[in-house]
Amino acid sequence: MKAIELEKAYNPKDFEDRIYAQWVEEGYFHPHTDEASPVHAQKNTTNIKYTVVIPPPNVTGVLHMGHALNNTLQDIVVRYHRMRGDNTLWVPGTDHAGIATQNVVERQLKKEGKTRNDLGREKFIERTWEVTHDHHDTIVKQQKKLGNSVDWSRERFTYDEGLSKAVRDVFVTLYERGLMYKGQRLVNWCPRCGTALADDEVDHVDTQGAMYHLYYEYADGSGKIEVATTRPETFFGDTAVAVNPDDERYKAIVGKELKLPLTGKIIKIIADSYVDKEFGTGMVKITPAHDPNDWEVGQRHNLEVVNLLNPDGTLNDNVPEKYRGLKCEQARKLVIEDLTEAGLFKGEEKMTHSVGHCYRCKTVVEPYLSYQWFVKMKPLAEKALKAWKDGEIEFFPRKWENTYTHWMENIRDWCVSRQIWWGHRIPAWYCECGETIVSRTDVTKCPKCGSSNVKQDPDVLDTWFSSWLWPFSTLGWPESTDDLAKFYPTSALVTAYDIIFFWVSRMIMAGLEFTGKAPFHDIYIHGLVRDKQGRKMSKSLGNGIDPLEIIEQYGSDALKFTLSFMCAQGQDILIDSDSFKLGSRFCNKVWNASRYILGNLEGRNLIPVTDAELTELDRWIYAALDKAVRDERDALESYRYNDAASTLYEYFWNYFCDWYVEATKLSFRGDDEHEKDRAVSVLLNVLEESLRLLHPFIPFVTEEIYSKLPLAEITANRTKAGSQQILPTDEYCGKLVTAPFPAPADSRVNAAVTARFAVLQDLIRAVRGLRNECGIDPATKLHIALQIVPGSDAEVCREKVDMIQLLAGVAKIDFVEAKPASSIGAVGAGFEAFILIDENINKEQLLAHFNKDLAKTQADAQKIENKLGGKFAEHAPAEVVQAERDKLEEAKRRIEKLQSYIEAL
């Protein structure tokens with residue numbers, strides 16, 4: 001046959017876009033039950049479903065390295081299950097991202113000198129749809145560049161018609177079940193966004209502030225008390241001062257009246273167990289409208305609730321006139337001045353405390369009293385906790401179970417209404433007669449009084465209210481669709497730990513409440529991508545890495561392999577741009593090894609090779625391949641991506657390329673044409689199966705190489721071959737993306753051959769190590785001697801002299817009973833190997849090399865001894881001292897070895 005030429009240089013730009021377009025156009029990302037799938041009804045498919053829904057990126061964003069990691073990890077398991085023959089579906093989509101998207105459009109309008117009110121609600125929403133469409137197209141292009149094997153025909157959007165119907169149905173159902181209510185509560189309020197936020201939409205940031213100490217005078221003029229606060233401007237909303245009922249110091253003053261400073265108001269001292277007797281003075285000012293704990297105290301004591309803030313965060317008419325309209329920080333400064341002048345300010349202490357900020361715009365969040373819609377979460381959380389205890393869901397890694405249970409056991413009602421325009425409008429209408437109508441369809445007439453003067457609630461729902469329905473709404477719920485029946489519950493969720501509260505827990509609650517089933521079984525929580533210093537990547541730090549720039553430089557496969565190789569369970573990934581050279585080098589290795597094999601087909605005939613015709617070398621690589629198959633399957637089943645990637649790297653680079661391919665060169669040296677045909681046939685068999693093993697991690701380069709293989713000949717010969725060369729399938733479509741994933745084969749397990757070759761590898765490494773230790777030119781052919789322990793696995797060395805000579809760069813091997821004179825040796829399992837210092841090696845140069853190395857090592861050892869003998873050992877951390885002691889021991893071993901070399905010479 002003719003040689004098959006691959007381009008000399010690996011250049012992913014030559015084929016990645018072309019291959020992705022083919023995959024999509026030919027329907028390879030469809031589940032195999034779809035008639036559009038090229039493998040529809042093939043025999044090698046299974047009835048097992050495997051479904052994943054993509055965590056939908058915000059439609060106004062661009063994909064960052066965190067998205068690249070998340071999408072890569074999903075793509076790997078999806079491709080793995082597709083190749084296993086499972087009915088595999090990966091659903092793509094984007095999130096309308098209410099507050100984030102509205103902020104983008106409002107910033108655009110600001111540049112034009114306008115606000116959303118200038119446009120009006122309808123025009124503003126039209127403008128937002130335009131922005132959404134533009135950004136959506138960008139995200140889709142980015143996901144395609146990543147190589148996401150999603151079914152684009154099933155793409156969804158959290159604000160599309162079907163999901164909007166699901167959202168409305170859920171709202172109404174919750175209302176009907178008594179789990180949705182509207183009430184006046186203290187909420188997190190973002191003055192910049194002008195909307196309420198859920199508890200988990202508030203980022204708490206350590207901020208420099210102060211504790212301010214104030215005096216409140218008794219109303220009867222008998223004295224004063226001291227209270228402390230970080231927010232002195234809010235004391236205008238105080239409606240009590242509380243003490244602990246068990247505090248003996250204050251039992252006599254409970255019920256006494258106090259004058260609220262700078263106002264004419266009178267408030268009382270109350271007793272409540274919330275107060276910590278040991279903290280400060282043991283007296284706490286109670287501001288029910290502006291502190292969650294104070295709100296609870298106020299509810300228990302039926303205190304007046306005085307809201308001090310306007311929606312924009314300025315002080316309102318419930319404060320004295322001079323403070324009205326001021327931002328909190330401005331008012332704080334003025335309040336302190338006035339209290340000082342009145343003799344009611346004691347002083348301040350600088351401190352760092354945790355301050356809530358809006359998770360989108362980073363504005364300081366204010367506790368704010370307002371009417372909002374809430375979901376009663378406790379009944380939902382109880383079902384979700386039971387599902388976990390019953391094994392319906394499983395976390396990888398297990399440590400996230402503690403986070404999940406803690407949050408579920410301490411859950412608070414979810415504020416779902418938002419005072420913005422972009423998003424799902426709340427399906428509630430209000431009539432002048434006081435009736436509230438919650439309906440699945442639009443309301444035009446009040447069912448109570450018949451009036452047509454009904455108005456819909458102006459608020460929209462929290463973005464996460466649509467996202468929590470994602471696993472089943474994307475499959476057609478609330479309709480009973482074919483997709484819902486086939487693919488729900490989904491199989492796995494792959495997501496980052498920073499949204500475990502926002503999204504993961506809520507999806508579990510929603511799935512159980514509305515479908516009676518947990519929405520997925522496996523929950524793999526991966527870490528975040530950080531820079532080399534461990535910092536989160538952000539625009540402000542300027543340390544972000546654009547995945548598209550990495551793809552442009554190294555290719556998609558290099559990005560995917562690097563991220564998966566570095567993704568250890570429970571750990572963040574620390575990378576910089578150079579990190580991706582790892583993946584690039586591996587892809588190059590795969591390309592070059594395949595190029596060498598395919599380029600040597602000239603004049604060869606592919607033939608069936610039976611088990612009896614396999615050499616010991618062949619049986620060894622099949623055993624190594626089988627172990628790699630088992631290890632990769634095991635790692636992927638438990639989401640240990642780095643273990644799976646490391647397995648592939650070790651197998652393909654070290655075992656297949658550096659040992660097997662190199663050793664097979666012996667078969668092509670002689671004149672035995674049959675042996676050459678036999679060897680190249682086995683090489684191609686192993687390469688073909690290796691490409692299938694590699695494909696989920698580096699799909700593009702493996703597909704490109706696979707398309708060049710003489711698959712018809714390989715498959716035909718396998719039909720006639722023995723058990724080691726397993727036929728992958730009797731129905732072969734030719735594209736690697738749906739080729740069968742390699743299966744374990746007991747017939748390939750061969751402990752004896754593996755042990756014998758492990759000794760060979762150990763020996764060759766030892767000889768290479770001695771060569772390097774001696775500084776001998778790699779081109780110099782060595783004369784070595786081997787002393788073999790009789791009956792050990794090292795006896796293989798006597799049979800594999802040619803292989804040792806080829807791989808270790810050896811001209812001659814002597815088998816000896818004792819150490820030869822003028823030799824330098826190394827010990828291995830069952831053998832000692834010696835380099836003979838003969839006329840090919842300059843003895844004087846070698847002695848000078850060892851003496852120089854010895855002097856340096858002795859000097860290093862002396863420095864460490866001096867260091868350990870001083871104050872360092874007394875004051876340094878124990879682990880640091882131990883590290884120095886370990887270095888000293890290593891140096892002493894090195895000195896002993898070098899002295900033995902010098903003595904031997």
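The structure contained in this document is the topic of the report that follows. Since the structure is predicted, the reported quantities are computational estimates derived from the model, not experimental observations.

Examining the overall build of the protein
Here is step 1 of the chain: What the protein contains, in helices and strands, is 28 helices and 29 strands.
Here is step 2 of the chain: Considering only contacts in the protein between residues 6 or more positions apart, those separated by 24 or more positions represent 77%.
Here is step 3 of the chain: Accessible surface computed for the protein: about 39,100 Å², of which carbon and sulfur atoms make up 48%.

So, the sheet that holds strand 18 (residues 428-431)
To summarise the sheet geometry, strands pair through backbone hydrogen bonds and adopt either a parallel or an antiparallel arrangement.
Here is step 1 of the chain: On the basis of which strands lie adjacent, the open sheet formed by three strands has the order 19-18-20 and antiparallel pairing. Two strands close off the open sheet at either side, each with one partner strand: strand 19 (436-438) and strand 20 (454-456). Here the strands of the sheet are splayed against their neighbours by 25° on average, with no regard to which way each runs.
Here is step 2 of the chain: Where helix 6 (residues 161-176) meets the sheet, its contacts fall on strand 18, strand 19 and strand 20, and the angle it forms with strand 19 comes to roughly 125°.

Some words on the pattern of salt bridges
Here is step 1 of the chain: All chains considered together, the criterion is met by 63 salt bridges.
Here is step 2 of the chain: Put simply, D338 and K322 hold a salt bridge, and the shortest N to O gap is 2.9 Å. Of the two residues, D338 is situated in helix 8 (residues 328-341) and K322 in the loop between helix 7 (292-301) and helix 8; the sequence distance between them amounts to 16 residues.
Here is step 3 of the chain: Salt-bridge contacts for E884 lead to K887; the nearest nitrogen and oxygen are separated by 3.2 Å. Within this pair, E884 and its partner K887 are both found in helix 28 (residues 878-904), separated by three residues, close to a single helical turn.
Here is step 4 of the chain: With relative accessibility at 47%, the residue K887 sits in the partly exposed group.

A few points about the sheet that holds strand 27 (residues 810-815)
Here is step 1 of the chain: What the four strands build is an open sheet, ordered 27-26-29-28; its pairing is mixed. Looking at which strands have only one partner, the edges of the open sheet turn out to be strand 27 and strand 28 (823-828). Taking the axes of each pair of neighbouring strands and ignoring which way they run, one obtains an average angle of 25° across the sheet.
Here is step 2 of the chain: Of the strand pairs in this sheet, strand 28 and strand 29 (residues 831-836) are connected by six bridges, and their pairing is antiparallel. Bridging across to strand 29, A826 finds its partner in A833.

Some words on the side chain of T94
Here is step 1 of the chain: As for its placement among the helices and strands, T94 is situated in strand 3 (residues 93-94).
Here is step 2 of the chain: On the basis of relative accessible area, T94 is assigned to the buried category, the value being 2%.
Here is step 3 of the chain: Other than its neighbours up to four places away in sequence, T94 contacts P56, P57, V59, H136, I139, R156, F157, T158 and W470.

Some remarks on the environment of D658
Here is step 1 of the chain: Mapped onto the elements, D658 comes out in helix 19 (residues 641-663).
Here is step 2 of the chain: The class of D658 is partly exposed, set by a relative accessible area of 27%.
Here is step 3 of the chain: Setting aside residues up to four positions removed in sequence, D658 forms contacts with K589, W653 and L807.
Here is step 4 of the chain: A polar atom in the side chain of D658 sits 3.3 Å from the side chain of K589.

A closer look at the nonpolar core
Here is step 1 of the chain: Within the largest apolar cluster, 149 residues are counted, with the highest numbers of intra-cluster contacts made by M65, Y651, F652 and F656.
Here is step 2 of the chain: Counting residues per element, this core draws most heavily on helix 19, which supplies 13 residues.
Here is step 3 of the chain: Apart from the residues within four sequence positions on either side, M65 is in contact with V529, M537, I545, D546, P547, I550, L559, L563, I575 and F580.
Here is step 4 of the chain: One finds L163, A166, A428 and L469 within the second-largest nonpolar core, a separate group that totals 62 residues.

Focus on the state of the cysteines
Here is step 1 of the chain: Taken as a whole, this structure holds zero disulfides when the rule is applied.
Here is step 2 of the chain: Residue C567 stays outside any disulfide, its sulfur separated by 17 Å from that of C587, the closest cysteine.
Here is step 3 of the chain: Taking the relative accessible area as the measure of exposure, C567 reaches 1% and is therefore buried.
Here is step 4 of the chain: A residue is classified by how much of its surface remains accessible, and C587, at 0% relative accessible area, is buried.

Structural notes on the packing of helix 23 (residues 751-774) against helix 25 (residues 801-808)
Here is step 1 of the chain: Interhelical geometry of helix 23 versus helix 25 gives an angle of 40° and a closest axis separation of 10 Å. Note that helix 23 runs across helix 25; the crossing there is right-handed. Residues F757, L760, L763, I764, V767, R768 and R771 of helix 23 lie in contact with helix 25, whose contacting residues are M803, I804, L807 and A808.
Here is step 2 of the chain: For the contact of helix 23 with helix 25, the per-class residue count stands at nine nonpolar, no polar and two charged.

Here's the deal with the packing of aromatic side chains
When we look at a pair of aromatic rings, we describe it by the centre distance and by the angle of the planes.
Here is step 1 of the chain: In total, this model carries 47 aromatic pairs according to the counting rule given.
Here is step 2 of the chain: Between W129 and F157, the aromatic rings sit 5.8 Å apart at their centres with planes inclined by 65°, giving edge-to-face as the arrangement. Here the residue W129 occupies a position in helix 5 (residues 121-146), and F157 occupies one in strand 4 (residues 156-157), the gap between them amounting to 28 residues.
Here is step 3 of the chain: Assessed through its relative accessible area of 11%, F157 is described here as buried.
Here is step 4 of the chain: Ring centres of F561 and Y649 lie 6.5 Å apart, and the angle between their planes is 25°; on these two criteria the pair is classed as stacked. With F561 in helix 16 (residues 556-565) and Y649 in helix 19, this pair connects stretches of sequence that are 88 residues apart.
Here is step 5 of the chain: Its relative accessible area of 0% is what places F561 among the buried residues.
Here is step 6 of the chain: Among the aromatic side chains, those forming a connected cluster through ring pairs are F171, Y175, W373, W414, F465, W468, F472, W477, Y488 and F514.
Here is step 7 of the chain: Here R768 stacks its cationic end above the ring of W659, 5.1 Å away from the centre of that ring.

Procedures and definitions
Residues numbered from 1 in each chain as written. Predicted model: local features only at pLDDT ≥ 70, side-chain atom pairs only at ≥ 80, totals over all residues. Heavy atoms only, no water. Helix = DSSP H or I, 4+ residues; strand = E, 2+ residues; numbered from the N terminus. Contact = heavy atoms within 4.5 Å. Areas by Shrake-Rupley, 256 points an atom, 1.4 Å probe, with all protein chains shown as cover. Pairing = 2+ DSSP bridges. Axes fitted to C-alpha atoms, helices over the stretch in contact; angles between N-to-C directions. Salt bridge = Lys/Arg side-chain N within 4 Å of Asp/Glu carboxyl O. Buried < 20%, exposed > 50% of the residue type's maximum accessible area, 1.4 Å probe, protein only. Polar contact = N/O pair within 3.5 Å; in protein donor to acceptor, adjacent residues only side chain to side chain. Core = buried A, V, L, I, M, F, W, Y, C linked by side-chain atoms within 4.5 Å. Disulfide = S-S within 2.5 Å. Left-handed = near helix turned anticlockwise from the far one by under 90°. Nonpolar A, V, L, I, M, F, W, Y, C, P; charged D, E, K, R; others polar. Phe/Tyr/Trp six-rings, centres within 6.5 Å; stacked < 30°, edge-to-face > 60°. Lys NZ or Arg CZ within 6 Å of the ring centre and 35° of its normal.

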